[in-house]
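# Secondary and tertiary structure notes
Residue-level listing of the chains:
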Amino acid sequence: MAERIEQRLEDRVPELEQLERVGLFTRKEIKAVLRRASALEYKIQRRALRKEDFINYIQYEINLLELIKKRRARTGYSFKKDEIEISILHRIHSLFNRAIGKWKEDVQLWLSHVAFCKQWNAKHQLSRVFSSMLAIHPNKPALWIMAAKWEMETRLSSENARHLFLRALRFHPECPKLYQEYFRMELMNAEKQRKEKKEFERAKMDLGEFSYSEEILNGEMARIIYRDAAQKIKGVEFHLAMLSIAKLFDFTQDLQKEILERHGVFSLQTTFADDPLTWDYMARRELELGSLQSTKHTTKQTKVSEMTQREERCSAVFEEAVKAVPTEDMWKYYITFCLERYNRKTNSEELKQKRLERTLSAFNKAHESSLLPEALYKQWLQLLLESNFFEKATEVAEAATKHFSLSVEMWQMRLQVLIQLKSDDVTQCFEEAIKHVKSKGTLPIWTLWVEWSEGTKSKEDTEAVYQRSLHTTTHAESVTMKEKYLDWTYRNSGYKKVRRVFTSLCENRPFSLDFFRKMIQIEKEQESCKMLHLREYYERALRDFGSTDSDLWLDYIKEELSHPQGKPENCRSIHWRAMKMLQGDLVEDFVSKYTLLQTGHL
């Protein structure tokens with residue numbers, strides 16, 4: 001092993017000598033590079049190889065390349081790249097190949113190699129990486145798409161991209177994303193060739209024997225792909241996705257028509273008549289049809305009138321849709337459309353008012369049909385509050401908690417409405433919420449309750465809420481409430497009271513480390529900060545966190561060293577206990593930090 005490492009280090013000598021000779025690195029820096037390289041080489045030559053060691057080595061070499069690049073830019077020296085950068089690039093590729101050979105299943109490792117090749121424009125190497133990666137991971141469509149896009153966009157090879165897509169479809173014959181990207185690629189290729197042909201014709205150049213295929217120029221390859229996909233992939237979502245891609249190209253009118261007519265998207269007796277997405281497309285298309293028919297020379301008032309009519313036609317289709325397909329999803333599409341239009345900027349108050357009325361009406365109808373999804377109630381309430389419909393907001397919030405009585409978010413939402421409106425029913429609503437919602441997950445309600453109580457109720461009332469929360473929440477959630485209780489007590493009742501509360505809270509686990517650190521910080525803020533109390537807090541904290549937090553031990557040692565009442569002789573005992581309690585790599589972490597502390601560097 002030693003001989004192999006020596007040989008690898010000797011292989012680096014020519015490039016390092018060049019770096020020093022041309023003034024990019026100093027002799028001292030060259031020695032530092034050799035020392036670091038030696039340490040990294042030893043790690044990747046061990047019997048028990050670790051992926052992290054290869055990653056660290058690769059990252060070091062990449063950092064070295066970046067540094068050389070910056071030094072060249074600063075000095076203006078651009079020679080000897082073959083002897084310096086090319087040598088390092090070969091080594092990085094070699095390291096990647098060794099790591100990937102060992103951990104072939106790690107896709108992220110492959111992608112890191114791909115990213116490196118792209119960054120340093122290693123096209124030949126990248127082609128080989130893609131080829132090897134796809135041989136190992138043919139079951140991942142995203143990798144095939146990535147490789148094909150690179151062939152098309154970087155190497156400008158539509159033939160290679162097409163070949164990759166066809167191979168991918170043999171592995172994944174029913175993958176919608178593959179068909180979509182293959183379809184897009186063929187249309188991009190057609191558009192590129194159309195532009196080239198136009199330029200040649202404009203320049204009146206003789207193309208000789210070379211000729212452009214009319215089938216490719218007209219998008220026939222894409223049409224074939226769509227027809228093949230349509231036989232295998234069902235569902236309106238795929239067909240509408242293909243339609244949206246086709247719309248990006250101005251020569252695909254016939255293709256768009258075929259996609260629409262093939263499945264009769266506009267007939268209510270179509271295969272997809274019960275799919276909300278079909279109706280959503282049909283409704284939104286009314287906006288597009290209107291924009292195509294509008295003329296260029298129109299007044300602002302005419303434009304507003306046209307937009308109002310278009311949106312009303314959309315709404316009419318949606319109204320028909322929620323009758324034909326009365327589902328939560330259908331209402332969600334309708335309301336989402338209404339909100340999108342409402343949030344669009346307009347100088348017309350009349351149009352804005354109509355959009356608001358339409359949106360609120362859609363919300364209300366969905367609610368009355370018991371088909372309004374839980375997530376949309378929040379948006380409805382926000383809209384009502386923004387529009388100053390406070391009474392309606394209160395009604396909706398109450399109805400939401402009746403419909404979703406176990407939902408913490410619904411109760412939270414109702415409480416926030418009542419608090420915002422300064423209602424007299426806030427306390428009663430908190431009581432209802434705690435009664436209906438199970439103890440697990442009630443933390444947001446208790447947090448809201450104590451925050452509201454702090455601003456509106458007496459200290460006695462607020463403390464009572466804190467005390468109730470500790471007995472009602474789960475053990476995990478009580479941890480947060482203990483931290484809040486401690487902080488609130490100190491802010492409102494001072495040091496003596498917070499000491500009593502701390503002692504009381506310590507009787508019931510669990511705790512968080514922040515709970516103890518907060519008490520330590522409070523003690524250190526006192527004029528007569530007592531080391532006796534700090535020891536108590538540290539010792540209590542170490543019982544729960546001494547095996548998992550090395551910094552806690554170090555902070556304890558620092559206190560003994562720096563506090564006027566501290567006992568430096570205790571540090572050896574604390575150090576010994578830390579070494580016994582800490583687990584795994586934390587011991588090494590503690591030792592290194594303790595050494596820095598002893599030398600005054602921490």
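What counts, and at which threshold
- Residues numbered from 1 in each chain as written.
- Predicted model: local features only at pLDDT ≥ 70, side-chain atom pairs only at ≥ 80, totals over all residues.
- Heavy atoms only, no water.
- UniProt positions renumbered as here; feature names shortened; annotations may be inferred.
- Salt bridge = Lys/Arg side-chain N within 4 Å of Asp/Glu carboxyl O.
- Helix = DSSP H or I, 4+ residues; strand = E, 2+ residues; numbered from the N terminus.
- Buried < 20%, exposed > 50% of the residue type's maximum accessible area, 1.4 Å probe, protein only.
- Domains from an automatic or database assignment.
- Phe/Tyr/Trp six-rings, centres within 6.5 Å; stacked < 30°, edge-to-face > 60°.
- Contact = heavy atoms within 4.5 Å.
- Expected span 1.5 Å × (residues − 1).

Going by what an unreviewed UniProt entry lists, the protein is known as UTP6 protein and is assigned to Alca torda. If you open the UniProt record of the protein and go to Sequence similarities (unreviewed entry), you find "Belongs to the UTP6 family."

Counted under the stated rule, the structure contains 51 salt bridges. Put simply, arginine 355 and glutamate 311 hold a salt bridge, and the shortest N to O gap is 2.6 Å. With a gap of 44 residues between them, arginine 355 in helix 17 (residues 349-368) and glutamate 311 in helix 15 (residues 300-324) connect regions that are remote in the sequence. Both residues of the pair, arginine 355 and glutamate 311, count as buried.

As a further point, take the UniProt feature "domain: U3 small nucleolar RNA-associated protein 6 N-terminal" (unreviewed entry) in the protein. Per the UniProt entry, the sites bearing "domain: U3 small nucleolar RNA-associated protein 6 N-terminal" (unreviewed entry) are residues 9-91 in this numbering. From the first C-alpha to the last, residues 9-91 spans 12 Å; its make-up is 76% helix and 0% strand.

Attention now goes to the domain arrangement of the protein. Looking at the assigned domains, one finds that the protein contains domain 1 (1-103) and domain 2 (521-601). Averaged C-alpha coordinates put domain 1 and domain 2 at centres separated by 41 Å.

Under the defined criterion, the tally for this structure stands at 29 aromatic pairs. Ring centres of phenylalanine 318 and phenylalanine 337 lie 5.2 Å apart, and the angle between their planes is 35°; on these two criteria the pair is classed as tilted. With a gap of 19 residues between them, phenylalanine 318 in helix 15 and phenylalanine 337 in helix 16 (residues 328-343) connect regions that are remote in the sequence. Given a relative accessible area of 0%, phenylalanine 318 falls into the buried group. Both rings, one in tyrosine 466 and one in tyrosine 485, keep their centres 5.1 Å apart while their planes meet at 10°; by these two values the pair is stacked. With tyrosine 466 in helix 23 (residues 459-472) and tyrosine 485 in helix 24 (residues 475-505), the pair connects residues that are 19 residues apart, well separated along the chain. Take tyrosine 466 and tyrosine 485: they sit in the same class, and that class is buried.

Along the chain, leucine 287 turns up in helix 14 (residues 276-293). Beyond its immediate chain neighbours, meaning those up to four positions away, leucine 287 contacts Met307, Arg310, Glu311, Cys314, Phe337 and Arg341.

Attention now goes to unusual backbone geometry. A cis amide bond links arginine 509 to the next residue, proline 510, at an omega of 5°. Its place among the elements puts proline 510 in the loop between helix 24 and helix 25 (513-524). A positive phi is found at serine 370, a non-glycine position, where the angle reads about 60°. Structurally, serine 370 can be placed in the loop between helix 17 and helix 18 (374-386). Classification of serine 370 as partly exposed rests on a relative accessible area of 45%. A positive phi angle is found at lysine 422, which is not glycine, with a value near 55°. By the element assignment, lysine 422 lies in the loop between helix 20 (408-420) and helix 21 (426-436).

This next bit is on helix 18. Buried within helix 18 are the following residues: Leu376, Tyr377, Trp380, Leu381, Leu383, Leu384 and Leu385. The inward-facing, buried residues of helix 18 contact helix 16, helix 17, helix 19 (390-403) and helix 20. Two residues or fewer past helix 18, asparagine 388 is found with a positive phi of approximately 65°.

This part is about helix 20. For an α-helix the count is 3.6 residues per turn, leaving residues at separations of three or four pointing the same way. Taking 1.5 Å of rise per residue, 13 residues should cover 18 Å, and helix 20 covers 18 Å from first to last C-alpha, within 8% of that figure. Among the residues making up helix 20, those that are buried are Val408, Met410, Trp411, Met413, Arg414, Leu415, Val417 and Leu418. Residues of helix 20 that are buried in the fold lie against helix 18, helix 19, helix 21 and helix 22 (443-456). Remark: lysine 422 follows helix 20 within two positions and exhibits a positive phi of approximately 55°.

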